[in-house]
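Here are the chains, one letter per residue:
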Amino acid sequence: FRKGEWIWADSAYTSEPWTITPYKKPLADLPENKTFNYWVSWVHVRSEHAIGYLQGRFMSLHGLRQQIRSNHRH
(Lines give C-alpha, C1' and ligand atoms only; values in the text may rest on other atoms or scores of the structure.)
Protein backbone atom coordinates (compact mmCIF):
# COMPACT_ATOMS: atom_id res chain seq x y z
CA PHE A 1 0.00 0.00 0.00
CA ARG A 2 1.04 3.56 -0.57
CA LYS A 3 1.20 6.17 2.17
CA GLY A 4 -2.27 6.89 3.50
CA GLU A 5 -3.81 3.68 2.08
CA TRP A 6 -5.29 0.99 4.30
CA ILE A 7 -7.73 -1.91 4.25
CA TRP A 8 -10.58 -2.99 6.54
CA ALA A 9 -9.82 -6.27 8.30
CA ASP A 10 -11.68 -8.36 10.83
CA SER A 11 -10.45 -9.13 14.33
CA ALA A 12 -8.62 -12.29 13.19
CA TYR A 13 -5.96 -10.09 11.58
CA THR A 14 -3.13 -8.55 13.54
CA SER A 15 -2.91 -4.82 13.83
CA GLU A 16 -0.64 -3.45 11.11
CA PRO A 17 -0.09 0.09 9.78
CA TRP A 18 -2.15 -0.78 6.68
CA THR A 19 -5.11 -2.46 8.45
CA ILE A 20 -8.10 -1.09 10.31
CA THR A 21 -9.37 -3.73 12.74
CA PRO A 22 -11.91 -3.69 15.57
CA TYR A 23 -10.68 -3.14 19.10
CA LYS A 24 -10.33 -6.25 21.25
CA LYS A 25 -11.06 -6.51 24.96
CA PRO A 26 -10.29 -4.77 27.27
CA LEU A 27 -10.08 -1.73 24.94
CA ALA A 28 -13.32 -2.76 23.23
CA ASP A 29 -15.21 -1.88 26.42
CA LEU A 30 -14.45 1.84 26.18
CA PRO A 31 -17.49 3.78 24.87
CA GLU A 32 -15.65 5.44 21.98
CA ASN A 33 -14.17 2.10 20.91
CA LYS A 34 -17.61 0.43 21.06
CA THR A 35 -18.83 3.06 18.60
CA PHE A 36 -15.79 2.48 16.39
CA ASN A 37 -16.31 -1.30 16.48
CA TYR A 38 -19.97 -0.86 15.60
CA TRP A 39 -19.10 1.03 12.40
CA VAL A 40 -16.28 -1.35 11.46
CA SER A 41 -18.76 -4.20 11.89
CA TRP A 42 -21.34 -2.30 9.81
CA VAL A 43 -18.87 -2.00 6.91
CA HIS A 44 -17.87 -5.65 7.27
CA VAL A 45 -21.46 -6.92 7.17
CA ARG A 46 -22.32 -4.75 4.14
CA SER A 47 -19.29 -5.96 2.22
CA GLU A 48 -20.07 -9.62 3.04
CA HIS A 49 -23.65 -9.11 1.85
CA ALA A 50 -22.40 -7.54 -1.39
CA ILE A 51 -20.07 -10.48 -2.02
CA GLY A 52 -22.89 -12.92 -1.29
CA TYR A 53 -25.19 -11.08 -3.68
CA LEU A 54 -22.59 -11.16 -6.45
CA GLN A 55 -21.94 -14.86 -5.89
CA GLY A 56 -25.67 -15.54 -6.03
CA ARG A 57 -26.04 -13.55 -9.25
CA PHE A 58 -22.89 -14.82 -10.97
CA MET A 59 -22.46 -18.50 -10.16
CA SER A 60 -19.02 -18.53 -11.78
CA LEU A 61 -17.72 -16.60 -8.74
CA HIS A 62 -18.34 -19.56 -6.42
CA GLY A 63 -15.02 -21.06 -5.49
CA LEU A 64 -13.07 -18.38 -7.38
CA ARG A 65 -9.69 -17.90 -5.74
CA GLN A 66 -7.20 -15.33 -6.98
CA GLN A 67 -3.91 -14.22 -5.54
CA ILE A 68 -2.69 -10.80 -6.55
CA ARG A 69 1.08 -10.84 -6.44
CA SER A 70 1.86 -7.65 -8.36
CA ASN A 71 0.30 -4.50 -9.80
CA HIS A 72 0.49 -6.05 -13.26
CA ARG A 73 -1.52 -9.12 -12.21
CA HIS A 74 -4.09 -6.94 -10.45
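What counts and what doesn't
- Residues numbered from 1 in each chain as written.
- Predicted model: local features only at pLDDT ≥ 70, side-chain atom pairs only at ≥ 80, totals over all residues.
- Heavy atoms only, no water.
- pLDDT = per-residue confidence, 0-100.
- Helix = DSSP H or I, 4+ residues; strand = E, 2+ residues; numbered from the N terminus.
- Patch = residues over 30% accessible without salt bridge, like charges linked within 9 Å, V, L, I, M, F, W, Y side chains within 5 Å.
- Areas by Shrake-Rupley, 256 points an atom, 1.4 Å probe, with all protein chains shown as cover.
- Salt bridge = Lys/Arg side-chain N within 4 Å of Asp/Glu carboxyl O.
- Buried < 20%, exposed > 50% of the residue type's maximum accessible area, 1.4 Å probe, protein only.
- UniProt positions renumbered as here; feature names shortened; annotations may be inferred.

**Re the confidence of the model for the chain**
Residue-level pLDDT values for the chain average 86, and 97% of them are 70 or greater. Taken element by element, the predicted model of the chain shows its lowest mean pLDDT in strand E1 (residues 7-8) (84) and its highest in helix H1 (residues 31-57) (92).

**Section: a nonpolar patch on the surface**
Taken together, the side chains of Trp6, Trp8, Tyr23, Leu27, Leu30 and Phe36 present a nonpolar region at the surface, about 560 Å² in accessible area. In this structure, Phe36 sits in helix H1. Exposure remark for Phe36: the relative accessible area of 31% places this residue in the partly exposed category.

**What to know about the UniProt feature "domain: DDE Tnp4" (unreviewed entry) in the chain**
Per the UniProt record, "domain: DDE Tnp4" (unreviewed entry) is found at residues 3-69. A distance of 19 Å separates the end C-alpha atoms of residues 3-69, which is 40% helix and 6% strand.

**Comments concerning the pattern of salt bridges**
This structure, assessed with the given rule, holds two salt bridges. Residues Arg2 and Glu5 are paired through a salt bridge, measuring 3.9 Å at the closest nitrogen-oxygen approach. The salt bridge involving Asp29 is made with Lys25; its shortest N-O contact spans 3.3 Å.

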